[in-house]
Amino acid sequence: MPSNDFLKLAYADVFPFAPGADPKAQPSLDVEFKLATNLGRHSCINHYFQGIQVCFMTAEFASSLEITYEEPRQTFSFCFNFDGSVASLHCGKYNELSKGFYNFFYDPDPSKAHYFNKEYSYDIFHMTVEADTLLALIGQDDLLYEKFSHHISRQTGIPGFKANLPLTAQVKWIIQSIRFCPLKGAARRLFIESKVYELLALQVEVWQKEYDPRTFFEPMRKDAELMHAVREYLQLHFQDDLSLTAICKEFGINECKLKGGFKAMFGKTVFGYIQELRMEFARQLLFQKRISVGLVADKLGYRNANHFSTAFKKYFGESPGNVRS
C-alpha cells in the first residue's frame, strides 16, 4: 500500500486544464491534457471515439502522487504498462501493475484512485470503454454478454484477469501503430479507430478463454512456477548468446516442454520474449543520448549496427536515431 509519502490530490488539481470531451460525441483525436506545472514532466494525448477513449501517457512526477477522482460513467478500464509501476484502487482492493504487463477492471463505484511513484518514468497506454458500448460490440449471441450484463445490471465489480497479462508482441505492435500513425485527417481517424477495435478484439478473445473452462488452459502449478523461473532467467541473461539447448540444460527440461509451456504461460515464444527484452533495453540506453547507436548494437550482440537499426525500427516503428534526437 502507498505510504504517507504520497501526495494526495484530486484529479482536477493534477490536470487543471483537462478538456471535458464527451466519449459519445463525434471522434476527436490528439486531445492533450496539461499537467500542473509544479508536478513534473508529463505528456498525455487522448483519442475519443463513440463510447471509447484511449490515452498515451508519459511522465516523470516530482512527487509520489495519489490521484483520486470520480468516474460517473460505467466503464471497463484497461491499463497497458510499458514502463514504470502503477497502482490503483478499484473493486475494494489495491492493485499493482508492473512494467510489461496489462489488466482491466470494471468497478461501478465512482470513487477511484491511482498511485504514481516519483522514482519511476511512466509510459502507459490506457483504454476506457463504456459498458453499454462494450455490450453492443460483443453482442447477445456471445456467452460474454450474459456474464458482463449480469455484473453491470447488479452493479458488481470485475477486478480484472486472474493475473496481470504480459504485453505480447502483437499487443505492443497494435499500440505502437496507433502511437506512431503518420496519416492525416480522415485516414488517420479511420486507421486509429480500426486499431483500437483490433486491440479490443484481442481482449474479448482472452475473456472468452478466461471465463470458459472448456477452452481455458491453465498449466499445473509446478509447470507454471518453472516457466516463471525461466522468464526470470531470461530477464537476467537476455544480453547473452542464448539458445534453446542451453536454456533447456539450465532447467533440466526438453525443448518441446520449454517452447510449449512458455508460449502457453506468457503468450509469446522464448525468443520473442528475448527480443522484447533486448529492444526495451536498447530504447532505455538510447534515451540517455550519451550512447551511440553503434555502442547499443554492440551491447546487444549485433555485429552490424544496420542490422540492429532494422530490427529496432521493425519493433518500435521508428529508427534508433529518432529516439536519440
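Residues numbered from 1 in each chain as written. Predicted model: local features only at pLDDT ≥ 70, side-chain atom pairs only at ≥ 80, totals over all residues. Heavy atoms only, no water.

Here we look at the packing of aromatic side chains
In the structure shown here, the tally under the stated rule is 27 aromatic pairs. Taking 5.4 Å as the distance between ring centres and 70° as the angle between the ring planes, the aromatic pair formed by F238 and F281 counts as edge-to-face. Of this pair, F238 sits in the loop between α6 (221-237) and α7 (244-251) while F281 sits in helix α9 (residues 270-287), and the two are 43 residues apart along the sequence. Residue F238 is classed as buried on the basis of its relative accessible area of 10%. (Phe/Tyr/Trp six-rings, centres within 6.5 Å; stacked < 30°, edge-to-face > 60°. Helix = DSSP H or I, 4+ residues; strand = E, 2+ residues; numbered from the N terminus. Buried < 20%, exposed > 50% of the residue type's maximum accessible area, 1.4 Å probe, protein only.)

What about the environment of K249?
Among the secondary structure elements, K249 is positioned in helix α7. Spatially, the C-alpha atoms of K249 and S319 are 36 Å apart, while their sequence positions differ by 70 residues.

Regarding the nonpolar core
In this structure, F76, F78, F80, F125, M127, F148 and W207 are the most contacted members of the largest nonpolar core, which totals 37 residues. For this core, the secondary-structure elements that each account for two or more residues are β4 (52-61), β6 (75-83), β9 (101-106), β11 (122-130), α2 (131-138), α3 (143-154), α4 (169-179) and α5 (185-210). Sequence-distant contacts of W207, that is, excluding residues within four places in its chain, are made with F76, F78, F104, L134, L144, F148 and F161. In this structure, L39, F61, L65 and I124 belong to the second largest nonpolar core, which totals 22 residues. (Core = buried A, V, L, I, M, F, W, Y, C linked by side-chain atoms within 4.5 Å. Contact = heavy atoms within 4.5 Å.)

A word on the sheet that holds β11
Within the open sheet, the seven strands sit side by side as β2-β3-β4-β11-β6-β9-β12. Their pairing is antiparallel. The open sheet has two edge strands, β2 (28-33) and β12 (165-166), and neither has a second partner. In the sheet, β4 pairs with β11 via eight bridges, with the strands oriented antiparallel. In the strand pairing of β11, V54 is matched with M127. (Pairing = 2+ DSSP bridges.)

Digging into the sheet that holds strand β8 (residues 93-97)
Strand order across the open sheet formed by five strands is β1-β5-β10-β7-β8, with mixed pairing between neighbours. Across the chains shown, the open sheet's two edge strands, defined by having one partner strand only, are β1 (7-10) and β8. Across the sheet, the mean angle separating the axes of adjacent strands is 20° when strand polarity is ignored. (Axes fitted to C-alpha atoms, helices over the stretch in contact; angles between N-to-C directions.)

Quick look at the pattern of salt bridges
All told, the structure shown has 11 salt bridges when counted by the stated rule. Among the salt bridges present, the one from K268 reaches E276, with a minimum N-O distance of 3.0 Å. Relative accessible area serves as the criterion here: at 6%, K268 is assigned to the buried category. Each member of the salt-bridge network shares a partner with another, and the members are D123, K172, R179, K268, E276, E280 and R283. (Salt bridge = Lys/Arg side-chain N within 4 Å of Asp/Glu carboxyl O.)

Here we look at unusual backbone geometry
A positive phi angle is found at D30, which is not glycine, with a value near 55°. Examined against the element boundaries, D30 turns out to sit in strand β2. In this model, Q155 sits at a positive phi of 55°, which is unusual for a non-glycine residue. Here Q155 is to be found in the loop between α3 and β12. Q155 sits in the partly exposed class, given a relative accessible area of 44%.

A look at the packing of α7 against helix α8 (residues 255-266)
Their axes nearest at 9 Å, the elements α7 and α8 cross at an angle of 95°. By the angle class used here, α7 and α8 are roughly perpendicular. Contact residues: L244, I247 and C248 in α7; E255, L258 and K259 in α8. Tallied by class, residues from the contact of α7 with α8 come to four nonpolar, no polar and two charged. (Parallel < 35°, antiparallel > 145°, perpendicular 65-115°, else oblique. Nonpolar A, V, L, I, M, F, W, Y, C, P; charged D, E, K, R; others polar.)

With respect to the packing of α2 against α5
Contact geometry of α2 with α5 gives a least axis separation of 12 Å together with a crossing angle of 75°. The pairing of α2 with α5 is recorded here as roughly perpendicular in orientation. Seen from α2, the contacting residues are L134, L137 and I138; seen from α5, they are Y197, L200, V204 and W207. Counted by class, the contact of α2 with α5 contains seven nonpolar, no polar and no charged residues.

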